[in-house]
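# Working through the structure, step by step
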Amino acid sequence: MPIFLFGLVGAAAYYGYRQLQQETARVIERNRRSEAEHRTGAHGTLERGADGVYRLRRD
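So, here is what we can say about the structure in this document. (Residues numbered from 1 in each chain as written. Predicted model: local features only at pLDDT ≥ 70, side-chain atom pairs only at ≥ 80, totals over all residues. Heavy atoms only, no water.)

## Regarding the overall build of the protein
When you go through the protein residue by residue, the secondary structure sums to one helix and two strands. When its helices and strands are written in sequence order, the protein yields α-β-β. The globule rule puts the C-alpha radius of gyration for 59 residues at 10 Å, and the 19 Å found for the protein is more than 25% above it. Dimensions of the protein, computed from the C-alpha atoms along their principal axes, are close to 60 × 30 × 10 Å. Residues classed as buried in the protein amount to 3% of the 59 residues present. When the accessible surface of the protein is split by element, carbon and sulfur atoms take 61% of a total near 5,500 Å². Measuring between centres, the 10 positive side-chain charges of the protein sit 2 Å from its 7 negative side-chain charges. (Helix = DSSP H or I, 4+ residues; strand = E, 2+ residues; numbered from the N terminus. Rg over C-alpha atoms; globule rule 2.2 N^0.38 Å. Buried < 20%, exposed > 50% of the residue type's maximum accessible area, 1.4 Å probe, protein only. Areas by Shrake-Rupley, 256 points an atom, 1.4 Å probe, with all protein chains shown as cover. Lys, Arg positive; Asp, Glu negative; His and termini not counted. Charge placed at Lys NZ, Arg CZ, Asp CG, Glu CD.)

Next comes the structure, spelled out in structure tokens:
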């Protein structure tokens, strides 16, 4: 029974660590994009959709 408990705690810790890494990468990318917009004076980043229309990027 303790092995199962340690395995469950380990799996939860690994899952939490992976989620933290993904969130950190997302925030770093958003900050990098925001700094670039601030330098150029832009009010947003345009992104081309599947239909070929440019729209503001959603976070």
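Further notes follow.
## Focus on the pattern of salt bridges
Overall, the coordinates contain five salt bridges when judged by the stated rule. When the shortest N-O distance is used, the salt bridge between Glu29 and Arg33 registers 3.9 Å. Taken together, the residues Glu29 and Arg33, both in helix α1 (residues 2–40) and four residues apart, mark about one turn of the helix. With its nearest N and O atoms 3.3 Å apart, the salt bridge here joins Glu47 to Arg57. Taken as a pair, Glu47 in strand β1 (residues 46–48) and Arg57 in the segment after β2 (54–56) lie far apart in primary sequence, ten residues in all. Judged by relative accessible area, Arg57 falls into the partly exposed class, the value being 33%. Several salt bridges share partner residues, and in doing so they unite Glu29, Arg32 and Arg33 into one network. (Salt bridge = Lys/Arg side-chain N within 4 Å of Asp/Glu carboxyl O.)

## Quick notes on a nonpolar patch on the surface
On the surface, a cluster of nonpolar side chains totalling about 410 Å² of accessible area is made up of Met1, Phe4 and Leu8. You can see Phe4 is positioned in helix α1. (Patch = residues over 30% accessible without salt bridge, like charges linked within 9 Å, V, L, I, M, F, W, Y side chains within 5 Å.)

Scope: geometric values only; no functional claims are made or implied.
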